[in-house]
Amino acid sequence: MSPKSPASPTGPAHPTDPAGPKKHHPAPTRRLTTAQALVAFLARQYTERDGRRQRLISATWGIFGHGNVAGIGQALVEAGHGGNGTAHCMPYLQGRNEQAMVHAAVGYARQSGRLSAQAVTTSIGPGATNLVTGAALATINRLPVLLLPGDTFATRPADPVLQQLEVPYAGDVSVNDCLRPVSRYFDRITRPEALIPAALQAMRVLADPAGTGAVTLALPQDVQAEAYDWPEEFFAERDWHIRRPAPDTYELETAVRAIRSARRPLIVAGGGVRHSAAEETLAAFTAATRIPVASTQAGKGALRHDHPADVGGIGHTGTATANELARTADLVIGVGTRFSDFTTASGTLFSNPAVRFLHLNITAFDAHKLAALPLVADARAGLEALTAALAGRGYRVDPAYETEYTGAKEAWEERVEASFATPDATARPTQTQVLGLLDDLVTEEDILINAAGSLPGDLHKLWRTRSRDQYHVEYGYSCMGYEIPAAIGVLLANGTGRRTRPVWALVGDGTYLMNPTEIVTAVQENLPLKLLILQNHGYASIGGLSEAVGAERFGTAYRHRDADGGFTGPPLPVDLAANAASLGLRVLRATTVDDLRKALSEARDAEGPTCVYVETETPDTVSGPPPAQAWWDVPVAETASRPAAVKAREEYDRQVAARRRHL
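Cut-offs used in this document
- Residues numbered from 1 in each chain as written.
- Predicted model: local features only at pLDDT ≥ 70, side-chain atom pairs only at ≥ 80, totals over all residues.
- Heavy atoms only, no water.
- Helix = DSSP H or I, 4+ residues; strand = E, 2+ residues; numbered from the N terminus.
- Contact = heavy atoms within 4.5 Å.
- Axes fitted to C-alpha atoms, helices over the stretch in contact; angles between N-to-C directions.
- Parallel < 35°, antiparallel > 145°, perpendicular 65-115°, else oblique.
- Left-handed = near helix turned anticlockwise from the far one by under 90°.
- Nonpolar A, V, L, I, M, F, W, Y, C, P; charged D, E, K, R; others polar.
- Buried < 20%, exposed > 50% of the residue type's maximum accessible area, 1.4 Å probe, protein only.
- Phe/Tyr/Trp six-rings, centres within 6.5 Å; stacked < 30°, edge-to-face > 60°.
- Lys NZ or Arg CZ within 6 Å of the ring centre and 35° of its normal.
- Pairing = 2+ DSSP bridges.

## As for the environment of Arg-428
Examined against the element boundaries, Arg-428 turns out to sit in the loop between helix 15 (399-420) and helix 16 (431-441). Remark: the alpha-carbon pair of Arg-428 and Glu-617, spanning 189 residues in sequence, is separated by 6.4 Å. Here Arg-428 is in contact with Gln-433, Thr-591, Glu-615, Thr-616 and Glu-617, once residues within four sequence places are set aside.

## Looking at the packing of helix 16 against helix 17 (residues 455-462)
At their nearest, the axes of helix 16 and helix 17 sit 11 Å apart, and the two run at 50 degrees to each other. It follows from the interaxial angle that helix 16 and helix 17 lie oblique. The handedness of the crossing between helix 16 and helix 17 comes out as right-handed. Residues Gln-431, Thr-432 and Leu-435 of helix 16 form the contact with helix 17, whose participating residues are Leu-455, Asp-458, Leu-459 and Leu-462. In terms of residue class, the contact of helix 16 with helix 17 is made up of 4 nonpolar, 2 polar and 1 charged.

## Some details on helix 5 (residues 131-140)
Counted residue by residue, helix 5 has 7 buried out of 10 residues, so it is predominantly covered. Taken together, the buried positions of helix 5 are Leu-131, Gly-134, Ala-135, Ala-136, Leu-137, Ala-138 and Thr-139. Next to the buried residues of helix 5 lie helix 3 (98-111), strand 6 (117-122), helix 4 (126-129), strand 7 (145-151) and strand 9 (214-220). Directly beyond the C-terminal end of helix 5, a positive phi value near 60 degrees is found at Arg-142.

## Details of the packing of aromatic side chains
Applying the stated criterion across every chain yields a total of 13 aromatic pairs. An angle of 85 degrees between the planes, with centres 6.4 Å apart, marks the rings of Phe-339 and Phe-357 as edge-to-face. Taken together, the residues Phe-339 in the loop between strand 15 (331-335) and helix 12 (341-344) and Phe-357 in strand 16 (residues 356-361) connect sequence positions 18 residues apart. No difference in accessibility class separates Phe-339 from Phe-357, as the two residues are buried. Here Phe-350 and Phe-357 contribute two aromatic rings whose centre-to-centre distance is 5.4 Å and whose plane-to-plane angle is 85 degrees, an arrangement assigned as edge-to-face. Pairwise contacts between aromatic rings join Phe-41, Tyr-228, Trp-230, Phe-234 and Phe-235 into one cluster. Geometry around Tyr-46 places Arg-53 over its ring, the cationic atom sitting 3.8 Å from the centre. When the ring centre of Tyr-471 is taken as reference, the NZ or CZ atom of Lys-300 above it lies at 5.5 Å.

## Focus on the sheet that holds strand 22 (residues 586-590)
The parallel open sheet is built from 6 strands, whose spatial order is 19-18-20-21-23-22. At either margin of the open sheet sits one strand with a lone partner, and together these are strand 19 (471-473) and strand 22. Ignoring strand direction, the axes of neighbouring strands in this sheet form an average angle of 20 degrees. Alignment of strand 18 (residues 447-450) against strand 19, held across 3 bridges, turns out to be parallel. Bridge pairing in strand 19 places Leu-448 opposite Tyr-471. Across the sheet, helix 3 touches strand 18 and strand 19, and the angle it forms with strand 19 is around 145 degrees.

## Side note on unusual backbone geometry
Cis geometry is adopted by the peptide bond preceding Pro-160, which originates at Asp-159 and carries an omega value of 10 degrees. Summarising the element assignment, Pro-160 is placed in the loop between strand 7 and strand 8 (185-188). Of note in this structure, Phe-339 is not a glycine but carries a positive phi near 50 degrees. Residue classification places Phe-339 among the buried positions, given a relative accessible area of 9%. Of note in the backbone geometry, Ala-345 takes a positive phi value of approximately 55 degrees without being a glycine. The class of Ala-345 is buried, set by a relative accessible area of 0%.

## Remarks on the pairing of strand 15
Judged by how many residues are buried, strand 15 sits mostly within the fold: 5 of 5 residues are covered. Here strand 15 shows a buried face lined by Leu-331, Ile-333 and Val-335 and a second buried face lined by Val-332 and Gly-334. Across 5 bridges, strand 12 (residues 265-269) lies against strand 15 in parallel orientation. If you follow Leu-266 over to strand 15, its bridge partner there is Val-332. Both strand 15 and strand 16 contribute to a ladder of 5 bridges, which runs parallel. Counted as the bridge partner of Gly-334 is His-359 from strand 16.

It is worth stressing that arrangement in space is one thing and function is another; only the former is reported here.
What follows is the structure, given as structure tokens:
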């Protein structure tokens, strides 16, 4: 990647100069520490796509310890730790938990369309290993984040140093090697000059639409503070173009033939539609062909909920409409999806004996899944090419098929209304009634963030998505504790003025207890986070799954022990509302449906960070929506003495018999 405006070194005299050879003037350099050079470099990196240019690394999150305070910490002070308004400053964001800082950076990257990212710096030891979960989440979801963990001394003046992992068979291994399998690029900078190629490679991967994810540059603490004469060209502004690869002509023609021969095609829209900003292109494609569109968790919002072709979520947490179409589809057209087990119902969903697959994906690895016809391209570019190629060839689905899926969609909408209904305003709300009240309140401006528990299933089935980015459910890693820090990242991406978009973090009590630390960051930055805590006294989602697989909800309720040593006593007297208030949030408690309606409205209008706390119905009734419309494979004990497990195994054997390998 060439710099946008490289420095111009003074060249030598012409060899035939009658005055004789002149002294060579070396290229200009700047003496900085490795950490100072890295921060200065990062502040001058930009991405560009479709004529839009923005900082690649907009800010650095950090928690300081002995492994990074004198290196990256001091460099951030030099670069404008609070953001001094200059073009090449590096704003600093103070986190409370290293994993949460990565989640915040990932939320920021997703909301920024993967065009802008953030860095995370930590000390060595536990600060570095706390990054692993967040790194896995970023890489699985194909979202860019730059990790800068401190590392042990490269020069080894003392061995071991504080927090060093000693490995008897290898002297060059540290805890940072845990980050290798969850990073898309990893390097350890053991000499200052090694930073130059490593930093350029790191930017290449962060800006690669097919290969992005977590990028790790491990920084030994002595190398961070070591000075070097850096070439000025290293600090020139660089633009990293985000490419939109067009499809291969042969693959495109093959795809067109497959579509034209299909009688019951179905599109499965994944997160790649959003990453490519291909929503309008997808809408144009469906307008021309009338092919229905089902969505994965990452793809929900590819079409608005009221678009005629939108048939809702697909797979284990999907709608009956989408899943019935999937069972009878003769051509499944994946657009930017990984086809995870939730989407395929563990290989049982696409059951038409004649079904074929066509995968439009920017990565060849995903495009070839399920023995598909591959169409390797950017989602927008691929859809544009398909629309143009089909134009004039007279393809459109049979009107009877269109009538079938629109009618089924209307029937499902009646089930949504029933789940959201609140006939008794004085009663304690169920979880789906909470979603219904929120559904009544929000507009297309609002953004909902969730990641784990029973909420993703309810949201995927029932939520009426009003804009392309309203539905922010992290389900690639389904990581409890993602929601609050991710909401902070989204708020930072949207801007923090008085008219910032309402951002809701929806969490259950189990998720809240995992990672509430960044509430303090929201309070410190006065970010208008809307935190909605649903207290149901345990792991409701896994409780239901436990019952289904014969584990009898063991260890899933937050209750006192009973006389037999189980957990069936009274609920624990945990007051999460008081905890949130102690961290600085304004808290609105709601007991009834009517209380909750008022509290949600008040929170939406609030200009500062606000929490709504509600105790929902018991875990037995926590979900309330229609049950799963497709299977999910969670193996059940093959031998057991307890009747619940024996019965569950019988059901498992029945379901697994329907699994199909698409070859």
